[in-house]
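Fold and geometry: a report
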Amino acid sequence: MTQQQPRRKFTVQDYMTTPEDKRYQLLDGEIILAPLPTVAHQRVLGRLVRSLSEILADRKLGQVWAAPLDVVLSEYDAVQPDISFVSNQRADIVAGGYVQGAPDLIAEILDPGTAEYDRGYKSQLYGRHGVREYWMVDPDAETIDVLSEGEDGHVTLNSFGSTGELLTPIMEGLPLNLDDLFRRN
């Protein structure tokens, strides 16, 4: 009878030695190669970063970051969220060339190759580590699901469509206009 070898758990130290020509993430000690994003993903990413920067960074509430930027959440978890926001009150977690701890806001733009991780493992991971808000942005459905800290991890705070305004506690009363976010051109 053959015995199955235990799975090796990689650490952040191992992860930091991966080649820089590809995007990797470390999820529960497993190094995952992230597929290239789609055109729809990149279109929405650019517009969302620009809009959030105008609201959050320009009003001196904190810093908005776009992927690729490592966010280290534990010895076995390092992710590259599409968008991260770190408030001024927590700016000290941005050190050493990456974010060392939970950002206040993480937004993931769903792609066919990443949606399962984004909806499942990453949602739980972000909730466990204290990410205040987690946005799942779906370019195909033209929706944004906003999850917020709850007693047992993240709970859905609200769902937004492709029009109107998105307003959440983290944005301090400053609405995000959604009318142009999912536009195809």
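Each remark here, short or long, concerns the structure printed above.
The sections below set out a description of the structure shown in this document. (Residues numbered from 1 in each chain as written. Predicted model: local features only at pLDDT ≥ 70, side-chain atom pairs only at ≥ 80, totals over all residues. Heavy atoms only, no water.)

1. Description of the sheet that holds strand β12 (residues 153–160)
In spatial order, the strands read β3-β6-β9-β10-β11-β12; together these 6 strands make up an open sheet with mixed pairing. Where the open sheet ends on each side, the last strands, each with one partner, are β3 (62–66) and β12. Averaged over neighbouring strand pairs, the angle between their axes works out to 20 degrees when direction is ignored. In this sheet, strand β11 (residues 143–150) lies alongside strand β10 (residues 133–138) in antiparallel orientation, the contact comprising 6 bridges. Bridging from a neighbouring strand, E133 pairs with S148 of β11. Strand contacts of helix α2 (residues 39–57): β3, β6 (83–87), β9 (105–109) and β10, with the helix running at about 170 degrees to β3, the strand carrying the most contacts. Packing of helix α4 (residues 121–128) onto the sheet brings it into contact with β9, β10, β11 and β12, and relative to β12 it is tilted by some 115 degrees. (Pairing = 2+ DSSP bridges. Helix = DSSP H or I, 4+ residues; strand = E, 2+ residues; numbered from the N terminus. Axes fitted to C-alpha atoms, helices over the stretch in contact; angles between N-to-C directions. Contact = heavy atoms within 4.5 Å.)

2. A few points about the layout of surface pockets
A volume near 200 Å³ is recorded for the largest pocket. Forming the walls of the largest pocket are Y15, M16, T18, P19, E20, K22, R23, Y24, D70 and Q80. Within the lining of the largest pocket, the residues separate by chemical class into 4 nonpolar, 2 polar and 4 charged. (1 Å grid on protein atoms, 1.4 Å probe; cavity = no way out; pocket = protein on both sides within 12 Å on 5 of 7 lines; lining within 4 Å. Points joined across faces, edges and corners; volume = space filled by probe spheres on them. Nonpolar A, V, L, I, M, F, W, Y, C, P; charged D, E, K, R; others polar.)

3. A closer look at unusual backbone geometry
With omega at 0 degrees, the peptide bond leading from A67 into P68 counts as cis. Structurally, P68 can be placed in the loop between β3 and β4 (71–74). In this structure, E142 is a non-glycine residue whose phi angle is positive, near 55 degrees. Considering the arrangement of structural elements, one finds E142 in the loop between β10 and β11.

4. Side note on the pattern of salt bridges
Applying the stated criterion across every chain yields a total of 9 salt bridges. When the shortest N-O distance is used, the salt bridge between K9 and D28 registers 2.9 Å. With a gap of 19 residues between them, K9 in the segment before α1 (12–15) and D28 in the loop between β1 (24–27) and β2 (30–33) connect regions that are remote in the sequence. Ionic pairing is found between E108 and K122, a salt bridge with its closest N-O pair at 3.1 Å. Taken together, the residues span a long stretch of sequence, with E108 in strand β9 and K122 in helix α4 at a distance of 14 residues. For the pair shown, E108 and K122 are each scored as buried. Counted as one network, the salt bridges with shared partners bring together R90, D104 and R132. (Salt bridge = Lys/Arg side-chain N within 4 Å of Asp/Glu carboxyl O. Buried < 20%, exposed > 50% of the residue type's maximum accessible area, 1.4 Å probe, protein only.)

5. Points about the environment of R47
As for its placement among the helices and strands, R47 is situated in helix α2. Note on R47: relative accessible area 11%, which makes it buried. Sequence-wise, R47 and V79 are 32 residues apart; in three dimensions their C-alpha atoms are separated by 22 Å. The residues touching R47, leaving out its near neighbours within four places in the chain, are D180, L181, F182, R183, R184 and N185.

6. Some thoughts on empty space enclosed by the protein
Here the structure, examined in full by the defined rule, presents 2 cavities of 30 Å³ or more. One number sums up the size of the largest cavity: a volume of about 110 Å³. As for the largest cavity, its lining consists of 15 residues, of which R23, H41, D82, E108 and T114 are closest to the centre. Across the lining of the largest cavity, the residue classes break down as 5 nonpolar, 4 polar and 6 charged. In terms of lining, the second largest cavity is formed by A40, R43, V44, P139, F182, R183 and R184. Among the residues making up the lining of the second largest cavity, the classes are represented as 4 nonpolar, no polar and 3 charged.

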